[in-house]
Amino acid sequence: MRVLIGGGSGFVGRELTRLLRSKGHEVTIISRQPGPGKITWGELESKGLPPCEGAVNLAGENLMNPLRWWNESYKKDLFSSRIDTTKTLAQAIAASPTPPHSWVLVSGVACYQPSQTAEYTEDSEWTPFDLLSRLVKEWEASALLPESVAKTTKQVVIRPGAVLGRDGGAMKQMWLPFWLGLGGTLGSGRQPFPWIHVADLAGIIAHALEPPADTPPTPSQQVFNGVAPALNTNYEFTKELGRVMRRPTIFPVPGFVMNTLMGSERAIVLTQGQKVIPQRTQEAGYQYKYPDLTSALKEIVGS
């Protein structure tokens, strides 16, 4: 199978590329920079979709980029980097004489309203309520294919929680404070913390890329929650990471500090959370490598 990956050189893209190549698939990355095994976004627009059986979009400005101040220009980049690349890929798929059999967009769980009690499955109804949920709404809408193409191309949306792994994602910024013994709960610590190991997110994407069964694809998007089946709070995550790293976790970070440092619209991702259930992901037969925090964190920390 030949797979085209937008944003394939990022944290999740590297993991997905390794996994697909290990299964014998060919991977072409859409990147801003040309190079071997790559095409640029400009080439995709001018020359159209190269022959492929699957396409994935992982492109987008990092929401948690510590080097970027939370202002209007950054918010604009968050939207345009996701929506423009997704539209470009969807339009290239729609215009292709031989569109791929699977088209996967990786968005996020920010569409679900934070709550300590509500539980969200892929079938949960939701309407945008803040900046990031509006982003998810517009982002997923920009991936929709025309009905004529949707008859043969399976459309999939995967909504991951915090992606945990050794060389990127949420862990990259937590590693040093925890290693120094300065790690602690964020805000109240009672907020749900939906998470997934990067190897499992790559596995769910690879699973979604498989050709559809004999039945023709539905014209709508199939949604999968890209989270581990374990339901944890920020407090449980913090304590388990401290235990696995053998470091104390006694310095809680109050919510107002997070709001000041990151901007309240962005801090909400860490100070509030949602109980997200990967119901359809499990029903589809995906087998998790790291279904619980202990196994995930031990692999990442290497203990």
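Our structure's up above, just so we're on the same page.
As a convention, each chain's residues are numbered from 1 in the sequence order in which they are written. Side-chain atom pairs in this predicted model are given and counted only at pLDDT of 80 or more, local residue features only at pLDDT of at least 70, and totals for whole chains, interfaces and linings cover all residues. Computation of side-chain values covers all heavy atoms of the structure but excludes hydrogens and water.

This brings us to the overall build of the chain. Helix and strand definitions follow DSSP, with helices as H or I runs of at least four residues and strands as E runs of at least two, each counted in order from the N terminus. Scanning the chain from N- to C-terminus turns up 12 helices and 11 strands. Radius of gyration: over C-alpha atoms. The globule rule applied is 2.2 Å multiplied by the number of residues raised to the 0.38 power. What you see for the chain is a C-alpha radius of gyration of 19 Å, in line with the 19 Å of a compact globule of 303 residues. On the principal axes, the C-alpha backbone points of the chain span a range of 60 × 40 × 40 Å. Residue burial is assigned from relative accessible area. The probe radius is 1.4 Å, only protein chains are included, and a residue is buried under 20% of its type maximum, exposed over 50%, and partly exposed in between. Across the 303 residues that make up the chain, the buried fraction comes to 51%.

Two strands pair if DSSP finds at least two bridges between them. Across the sheet, which stays open at both edges, the seven strands sit in the order S3-S2-S1-S4-S5-S7-S10 with parallel pairing between neighbours. The sheet is open, and its two borders are formed by strand S3 (38-40) and strand S10 (222-226), each paired with just one other strand. Across the sheet, the mean angle separating the axes of adjacent strands is 20 degrees when strand polarity is ignored. Bridge analysis of strand S4 (residues 54-57) against strand S5 (residues 102-106) gives four bridges, and the strand direction is parallel. By the bridge assignment for S5, Gly54 is matched with Ser102. To get an axis, a line is fitted to the C-alpha atoms, and for a helix only the part in contact is used. The angle between two axes follows their N-to-C directions and goes from 0 to 180 degrees.

On to the pattern of salt bridges, then. Each reported salt bridge corresponds to a side-chain nitrogen of Lys or Arg within 4 Å of a carboxyl oxygen of Asp or Glu. If you walk through the whole model with that rule in mind, you get 12 salt bridges. In this structure, Glu53 and Arg2 form a salt bridge, with 2.9 Å as the shortest nitrogen-oxygen distance. Of this pair, Glu53 sits in the loop between helix H2 (41-47) and S4 while Arg2 sits in strand S1 (residues 2-6), and the two are 51 residues apart along the sequence. You can call Glu53 partly exposed: its relative accessible area is 23%. For Arg2, a relative accessible area of 33% gives the class partly exposed.

Let us now look at the environment of Leu67. Take Leu67: it is sitting in the loop between S4 and helix H3 (72-95). Take Leu67: its relative accessible area is 79%, and that puts it in the exposed class. Between the C-alpha atoms of Leu67 and Glu236, which are 169 residues apart in sequence, the distance is 28 Å.

Looking along a regular strand, one sees the side chains alternate between the two faces of the sheet. Counting buried positions along strand S7 (residues 154-160) yields seven of seven residues, so the element is predominantly enclosed. Because side chains alternate across S7, one face comprises the buried residues Lys154, Val156, Ile158 and Pro160, and the other comprises Gln155, Val157 and Arg159, equally buried. In this structure, S7 lies alongside S10, joined through five bridges in parallel fashion. Pairing of Val157 across the sheet is with Val223, part of S10.

Patch membership requires more than 30% relative accessible area and the absence of a salt bridge. Residues of like charge join within 9 Å; the nonpolar side chains Val, Leu, Ile, Met, Phe, Trp and Tyr join within 5 Å. Throughout, the Shrake-Rupley method with a 1.4 Å probe supplies accessible areas, and for residues the shown protein chains are the sole cover considered. A contiguous nonpolar patch, built from Trp175, Leu176, Trp179, Leu180, Leu182, Ile250 and Phe251 and spanning about 730 Å² of accessible area, is present on the exposed surface. With respect to the element layout, Ile250 can be found in the loop between helix H8 (234-245) and helix H9 (255-262).

To continue, consider the nonpolar core. Leu4, Ile30, Leu44, Leu49, Leu89, Ile93 and Trp103 are the most contacted members of the largest nonpolar core, which has 36 residues in total. Where this core is concerned, the elements lending two or more residues are H2, H3, S5, helix H4 (131-142), H9 and helix H10 (264-271). At eight residues, H3 tops the list of elements feeding residues into this core. Here a residue-residue contact requires only that any non-hydrogen atoms of the pair lie within 4.5 Å. When neighbours within four sequence positions are excluded, Leu89 is seen to be in contact with Leu4, Ile30, Trp41, Leu44, Leu49, Ala55, Val56, Asn57 and Trp103. Grouped together as the second largest cluster of nonpolar side chains are 27 residues, Ile196, Leu201, Ala202 and Ala208 included. Think of a nonpolar core as a cluster: buried Ala, Val, Leu, Ile, Met, Phe, Trp, Tyr and Cys residues, connected wherever their side-chain atoms sit within 4.5 Å.

Ring geometry is summarised as follows: Phe, Tyr and Trp rings, the Trp one being its six-membered ring, pair when their centres sit within 6.5 Å, and such pairs are stacked at plane angles under 30 degrees, edge-to-face over 60 and tilted between the two. Scanning all chains against the criterion turns up four aromatic pairs. A centroid spacing of 5.5 Å and a plane angle of 85 degrees characterise the contact between Trp70 and Tyr74, whose relative ring orientation is edge-to-face. Across the pair, Tyr74 and Trp70 agree in class, each one buried. Geometrically, a lysine NZ or arginine CZ counts as sitting over a ring once it is within 6 Å of the ring centre and also within 35 degrees of the ring normal. Here the guanidinium or amino end of Lys137 rests over the ring plane of Trp126, the centre of that ring lying 4.8 Å away.

This brings us to the environment of Gly184. In this structure, Gly184 sits in the loop between helix H6 (169-179) and strand S9 (195-197). Assessed through its relative accessible area of 8%, Gly184 is described here as buried. Sequence separation of Gly184 and Glu140 is 44 residues, and the distance between their C-alpha atoms is 34 Å. With residues up to four places along the chain from it excluded, the contact list for Gly184 reads Phe178, Thr238, Phe251 and Pro252.

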